[in-house]
Amino acid sequence: TGDKVKVEGNVTCEGGIITRESGFLHAGKEVRARFIENSTVKAGGAVRVERAILNSRVYANESIEAYSPRSFVIGGVLLARCGLCVRHLGNDAGARSLVQLGADWRDLELYLETSARQRLLRDEAQKVDLEIQRVLKPHGGKSEALPPAQKPAYRALLVRKNELVKEFRLLREETQRLLARIEDVGGAELQVLGYVFPDNTVRFGTAKHVTTGNLQNVRLTYDRESREVRVSPGKSVR
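This report concerns the structure included in the present document. Remember, it's a predicted structure, so these values are computed and weren't measured experimentally.

**Looking at the packing of helix α1 (residues 105-136) against helix α2 (residues 151-183)**
Now for step 1: Their axes nearest at 8 Å, the elements α1 and α2 cross at an angle of 155 degrees. Taken together, the axis directions place α1 and α2 in an arrangement best described as roughly antiparallel. Where α1 crosses over α2, the handedness of that crossing is left-handed.

Structure representation (structure tokens):
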């Protein structure tokens, strides 16, 4: 536990995976395990679990599967580009999961990073603006009225503001490109063969659905025309 493991190919664990918060498992291809508990697991391929996924962050660039008769998923965050197929999602105790479908988890992580950076840049630009106003206020808001000794500092503030604005615009363009890829969910779907318990959040791109009631054998997909998550009877899978 607590180990940090990166593997270029497949990973097969005869037992389970427990990395705790300080550790992780990154696989370039497929991950197979009996269970995943309190762990961070990222796979370039599929993640296939025999029994349980418990309170874990599991990211797959293909599908996540945990649909054997005794398997279940409780808590945590699951990101799967191609889809998710599980036996049970949630439990009676109110454990909640976040399921994100259709996106490459690397795009999603980069989108969150660039969005956070944009917010920081916006805040810093506002602070620079306030400093510029503070410098100009005693001189009627006119830069030409500044004493020669204050002009270098004023010009430095203008340069910094222009740098922030330029970086913000570039990040905004990158964020928009990433969002377009995240919104293109393809044919991803969530299939639950057993029960879906209340208060689990399912996202396709930015479209969100929160489960209510105890649903059984259901399939959740994204309707491109309405931009809504659709719930329909599930398929039969052995």
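**Some points on the layout of surface pockets**
Now for step 1: Estimated volume of the largest pocket: approximately 320 Å³.
Now for step 2: Of all elements in the fold, only β5 (40-43), β6 (47-60), β8 (72-80), β10 (97-101), α1 and α2 reach the threshold of two or more residues within the lining of the largest pocket.
Now for step 3: Ranked by the residues each element gives to the lining of the largest pocket, the list is headed by α1, at four residues.
Now for step 4: Per-class residue counts for the lining of the largest pocket are nine nonpolar, four polar and four charged.

**Comments concerning the state of the cysteines**
Now for step 1: Enumeration over the complete set of coordinates arrives at zero disulfides.
Now for step 2: Between Cys82, a free cysteine, and Cys85, which holds the nearest cysteine sulfur, the sulfur-to-sulfur gap is 13 Å.

Calculation rules
Note that residues are indexed from 1 along each chain, following the sequence as it is written. Residues qualify for local features only when their pLDDT is at least 70, as the model is predicted, and side-chain atom pairs are given and counted only at 80 or more; totals for whole chains, interfaces and linings, by contrast, use all residues. To get the side-chain values, take all heavy atoms of the structure and skip hydrogens and water. Axes here refer to lines fitted to C-alpha atoms; in helices the fit is confined to the stretch in contact. Angles between the N-to-C directions go from 0 to 180 degrees. Secondary structure elements are taken from DSSP: a helix is a run of H or I of four residues or more, a strand is a run of E of two residues or more, and numbering for both begins at the N terminus. Each angle receives one of four descriptions, namely roughly parallel if under 35 degrees, roughly antiparallel if over 145, roughly perpendicular if within 65 to 115, and oblique otherwise. Working rule for handedness: look at the near helix, and if it is turned counterclockwise from the far one by less than a right angle, call the crossing left-handed; if clockwise, right-handed. For each structure, a 1 Å grid was placed over the protein atoms alone; sets of points admitting a 1.4 Å probe that cannot get out are labelled cavities, open sets with protein on both sides within 12 Å along at least five of seven lines are labelled pockets, and lining residues have an atom within 4 Å of a point. Grid points are joined across faces, edges and corners, and a volume is the space filled by probe spheres set on the points. Basically, the charged four are Asp, Glu, Lys and Arg, the nonpolar ten are Ala, Val, Leu, Ile, Met, Phe, Trp, Tyr, Cys and Pro, and anything else, Gly included, counts as polar. Criterion for a disulfide: a pair of cysteine sulfur atoms at a distance within 2.5 Å.

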